[in-house]
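Letter by letter, the chains look like this.
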Amino acid sequence: MAARYCQGTIKAADEETFDAEAQAQTLRDAVNGLGTNEKNIIRVLSGHDNRQRQQIKQMYKTAFGRDLDRDLDDDLGGNFRRLCAYLLLPQPQFDAQCLANALGHGEWDKAIDVLATRNNLQLQGTRFSYKEVTGRELDADIAKHTDGDLKHVLTALAQGNRNEDVVVDQQRVDNEVQQLYKAGVGKVLGTDEDVFTRLLVSRPVSHLQALFQTYQDTHGHSVEQAIDSEMSGATKLAYLTTVRCLRDPAGHFAQCFHEAFKGPGTDDERLMQLIVSHSEIDLQDIADKYREMYSCALQEAIADETSGDYRKLLIRILNPDDDSA
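The numbering scheme is per chain: residues are counted from 1 as the chain's sequence reads. Confidence filtering applies because this is a predicted model: local features only for residues at pLDDT of at least 70, side-chain atom pairs given and counted only at 80 or more, and all residues used for totals across whole chains, interfaces and linings. Water and hydrogen atoms were dropped before computing side-chain values, which therefore reflect all heavy atoms in the structure.

(A) Layout of the packing of helix H1 (residues 20-31) against helix H4 (residues 68-75). Packing of H1 against H4 leaves a shortest axis separation of 10 Å and a crossing angle of 30°. Comparing the axis directions of H1 and H4 gives the class roughly parallel. For the pair H1 and H4, the sense of crossing is left-handed. On H4, the residues touching Leu27, Arg28 and Val31 of H1 are Leu68, Asp71, Leu72 and Asp75. Gly is put with the polar residues, along with every residue not named as nonpolar or charged; the nonpolar set is Ala, Val, Leu, Ile, Met, Phe, Trp, Tyr, Cys and Pro, and the charged set is Asp, Glu, Lys and Arg. A per-class count over the contact of H1 with H4 returns four nonpolar, no polar and three charged. A fitted line through C-alpha atoms serves as each axis, taken over the contacting stretch for helices, and the angle formed by two N-to-C directions is quoted from 0 to 180°. Secondary structure is summarised from DSSP: a helix means a run of H or I of at least four residues, a strand means a run of E of at least two, and numbering begins at the N terminus for each. By the definition adopted for this analysis, an angle is roughly parallel if under 35 degrees, roughly antiparallel if over 145, roughly perpendicular if from 65 to 115, and oblique otherwise. If you view the pair so one helix is near and one far, a crossing is left-handed when the near helix is turned anticlockwise from the far one by less than a right angle, and right-handed when it is turned clockwise. Throughout, a residue-residue contact means that at least one pair of heavy atoms, one from each residue, lies within 4.5 Å.

Okay, here's the thing in structure tokens:
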């Protein structure tokens, strides 16, 4: 998925003044002795990008002969502990961990959040890290936990092999619009999911954007409406997520945040997955879109749904200038 928006919230600390050893010392002081200084933990983790956090984590082990992850795990608890642990993972390992958890628990929305929204390079890194994290191949786990059309579309997405051409061939677009129509709404009996998978997973972003517009102009309904009427369950969700991320990524992820807040309780795992994975890429764009769609600031929604140091760290990631944490 090619990013067309790039305003994250977490930025790298100034390289001229960044001192990994000093930050490691701050974290050691925060967990050493009586009590824990959660405020300094929040400040260090939210004040540096992932690359710098990896340097701090490595320096912590070099300077003190201790694992930062383990020390934080011993001193912290609940969602705050989990969020700190996620922030200390390199992004490919974080995605791999999210996928392993989602596949193991049958939480298809979370698995699809990763597989249908990452670009080729990100997915290839995730495939490699998945084997490191779990000792298993990603394709094998998808096959173990899914079947039928869902297995096929998730396996296809997991290859990270989308064509990345940027030139649009309108004649080919017109031809594939008809293929998509005949495979779905225009098919008398059933749906040919193979055609949807082949086109939506392998075609370039610019080609699909042209295809979606031409499809709507030609047939009077959107590709999303066609998918919604012809498919069901997690398979439908995988196709819809792919299309929505191509059409309006910020809008799609704003909706994901909203869904995490719906119902009797907050889906904290999905909330953390969204916050961490988008913090350096497009979280500000998503927050702006959230306000536009729901007439409420994302920061306010998070504050209403969470509490304690967990809330403070989430808000600090969303708004690093917020000194309330």
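From this point, things continue past the structure.
(B) Summary view of helix H6 (residues 91-105). An expected span of 1.5 Å times one less than the residue number is assigned to each helix. If you check H6, its first and last C-alpha atoms are 21 Å apart, about what 15 residues at 1.5 Å a residue would give, namely 21 Å. Structurally, H6 contributes buried residues whose contacts are with helix H5 (78-87), helix H7 (108-115), helix H8 (120-134), helix H9 (138-145) and helix H17 (268-278). Two residues or fewer after H6 comes Gly106, characterised by a positive phi angle close to 65°.

(C) Expanded view of the layout of surface pockets. For cavity detection a 1 Å grid was placed over the protein atoms alone, and a set of points counts as a cavity when a 1.4 Å probe fits there but cannot get out; an open set counts as a pocket when protein lies on both sides within 12 Å along at least five of seven lines, with lining residues being those that have an atom within 4 Å of a point. Grid points are joined across faces, edges and corners, and a volume is the space filled by probe spheres set on the points. Approximately 220 Å³ is the volume attributed to the largest pocket. The wall of the largest pocket is formed by 14 residues, among which Gln91, Pro92, Gln122, Ser277 and Ile281 lie closest to the centre. Elements with a minimum of two residues in the lining of the largest pocket: helix H3 (50-64), H6, H8 and H17. Here the lining of the largest pocket takes four residues from H8, the largest share from any one element.

(D) The arrangement of the environment of Arg291 in detail. In this fold, Arg291 is placed in helix H18 (residues 283-294). The spatial distance from the C-alpha of Arg291 to the C-alpha of Ala301 is 10.0 Å, given a sequence separation of 10 residues. When sequence neighbours within four positions are dropped, the list of residues in contact with Arg291 reads Cys296 and Ala297.

Such coordinate-based values are descriptive only and should not be taken to indicate function.
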